[in-house]
Amino acid sequence: MERARLGIYAGFGFSVPFKERLSLIREAGFGATAIWWEEKNPRIRALRHQAPDMIRRTGLFLDNIHVPYFACRDLWSPHADERADAVAMHRLWLDDCARHDIPRMVMHVSLGTSTPEPTSRGLDSFIRLVEHAAHAGISIAIENTREERYIDYLLNGIDCETLTLCFDTSHDRLYAPEQGGLLARWRHRLSALHLSDTDGRRDQHWLPGEGVIDFAALQHHWDDGFDGVYMLECVPRDRNEDPRAFLARAYTSLAAAVPDADRLPKKPVDPLVR
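Residues numbered from 1 in each chain as written. Predicted model: local features only at pLDDT ≥ 70, side-chain atom pairs only at ≥ 80, totals over all residues. Heavy atoms only, no water.

**Focus: the overall build of the chain**
Thinking step 1. Within the chain, the regular secondary structure consists of 10 helices and eight strands.
Thinking step 2. Here the C-alpha atoms of the chain give a radius of gyration of 18 Å, agreeing with the 19 Å that 2.2 N^0.38 yields for 274 residues.
Thinking step 3. Along the first, second and third principal axes, the C-alpha atoms of the chain reach 50 × 40 × 35 Å.
Thinking step 4. Across the 274 residues of the chain, 56% fall into the buried class.
Thinking step 5. Surface exposure of the chain reaches about 12,300 Å², of which carbon and sulfur atoms provide 48%.
Thinking step 6. In the chain, which carries 34 positive and 41 negative side-chain charges, the distance between the mean positions of the two groups comes to 4 Å. (Helix = DSSP H or I, 4+ residues; strand = E, 2+ residues; numbered from the N terminus. Rg over C-alpha atoms; globule rule 2.2 N^0.38 Å. Buried < 20%, exposed > 50% of the residue type's maximum accessible area, 1.4 Å probe, protein only. Areas by Shrake-Rupley, 256 points an atom, 1.4 Å probe, with all protein chains shown as cover. Lys, Arg positive; Asp, Glu negative; His and termini not counted. Charge placed at Lys NZ, Arg CZ, Asp CG, Glu CD.)

**Side note on the packing of helix α1 (residues 18-27) against helix α10 (residues 243-257)**
Thinking step 1. For the pair α1 and α10, interaxial distance at closest approach is 9 Å and the crossing angle is 40°. When the axes of α1 and α10 are compared, the pair comes out oblique. Judged by the sense of rotation from one axis to the other, the crossing of α1 with α10 is right-handed. Side by side, α1 and α10 meet where Leu24, Ile25 and Glu27 of the first sit next to Pro243, Arg244 and Leu247 of the second.
Thinking step 2. In the contact of α1 with α10, the residues fall into four nonpolar, no polar and two charged. (Axes fitted to C-alpha atoms, helices over the stretch in contact; angles between N-to-C directions. Parallel < 35°, antiparallel > 145°, perpendicular 65-115°, else oblique. Left-handed = near helix turned anticlockwise from the far one by under 90°. Contact = heavy atoms within 4.5 Å. Nonpolar A, V, L, I, M, F, W, Y, C, P; charged D, E, K, R; others polar.)

**Side note on the pattern of salt bridges**
Thinking step 1. One pass over the full model with this rule turns up 12 salt bridges.
Thinking step 2. A salt bridge links Arg48 to Glu39; the nearest nitrogen and oxygen atoms lie 2.9 Å apart.
Thinking step 3. Assessed through its relative accessible area of 15%, Glu39 is described here as buried.
Thinking step 4. One salt bridge in this structure joins Glu148 and Arg185, with 3.1 Å as the shortest N-O distance. Of this pair, Glu148 sits in helix α6 (residues 148-157) while Arg185 sits in helix α8 (residues 181-186), placing them 37 residues apart in sequence.
Thinking step 5. In this structure, a network of salt bridges that share partners links the residues Glu39, Arg45, Arg48 and Asp96. (Salt bridge = Lys/Arg side-chain N within 4 Å of Asp/Glu carboxyl O.)

**A short note on the environment of Arg26**
Thinking step 1. Note that Arg26 resides in helix α1.
Thinking step 2. For the pair Arg26 and Gly59, spaced 33 residues apart in sequence, the C-alpha to C-alpha distance is 7.5 Å.
Thinking step 3. From its side chain, Arg26 meets the backbone oxygen of Gly59 in a polar contact 2.9 Å long. (Polar contact = N/O pair within 3.5 Å; in protein donor to acceptor, adjacent residues only side chain to side chain.)

**Notes on the packing of aromatic side chains**
Thinking step 1. Taken as a whole and judged by the stated rule, the model has 10 aromatic pairs.
Thinking step 2. Seen from their ring centres, Phe14 and Phe246 are 5.7 Å apart, and the 55° between their planes marks the pair as tilted. In this pair, Phe14 is assigned in the loop between β1 (3-8) and α1 and Phe246 in helix α10, connecting sequence segments 232 residues apart. Per residue, the accessibility class of Phe14 equals that of Phe246, and both read buried.
Thinking step 3. By the ring-pair criterion, three or more aromatic residues cluster together here, those being Trp76, Phe126, Tyr150 and Tyr153.
Thinking step 4. In this structure, Arg237 is placed above the aromatic ring of Trp206, and the distance from its NZ or CZ to the ring centre is 3.7 Å. (Phe/Tyr/Trp six-rings, centres within 6.5 Å; stacked < 30°, edge-to-face > 60°. Lys NZ or Arg CZ within 6 Å of the ring centre and 35° of its normal.)

**Some thoughts on the confidence of the model for the chain**
Thinking step 1. Summary statistics for the chain give a mean pLDDT of 91 and a share of 92% for residues scoring 70 or more.
Thinking step 2. Taken as a whole, residues 265-274 scores under 50 in pLDDT and shows 22 contacts with residues more than four places along the chain or in a different chain. (pLDDT = per-residue confidence, 0-100.)

Written as structure tokens, this is what we have:
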């Protein structure tokens, strides 16, 4: 049975041509995917606008783009020109979502320990982004990374359904002071999931069940009313593994990590190209 709400990130760790990669994802039973929205590599950047149509032709649902994080710290900068440039960059990416009918943009809101403290200046940057996204009919999903306080600050400061949470299970295990605490606080704002496992030391991007995360302990946060895509953000531990074998294992591990996967309502998939 096809489960359109079970997905895997398109960059799943193999050197396979993009079109073939999509076909392999579809053949494995997944119904959805997400892609990295490259900005700095000219070759990849030139191809990114072709990707959404290729995905839909394969019959997959494109749930989101994950935008680069090099500009996210400048959204909090004390310098108005740096904030303005960072806002302009993210607004262009939101315009790309609208252009390609992609429902959400996943982004980071802090970068390592060098991000300025959360202040009203940064909040204003995100208010401007949320206003732009709302006008375009796109949601912004902010991902938990090393510093949950930025997520709390923004979701507390912007009470708008356009600004949502992307919850990453490995980041939560590695960096959160309380496992699942962020999800417990902001479950009602959850719109995207990044599911992967870890050894508890590094962001390994392993399949669920290969590391130390207790997915059963997290399930109750998303098994009541979450209508988004359960998205794996994983790569193989053995890069010599056959990609079909990896995707088969990935599908099985994701189905096991998702409550009542057999009874998930299917998310509409529109294969039409505009």
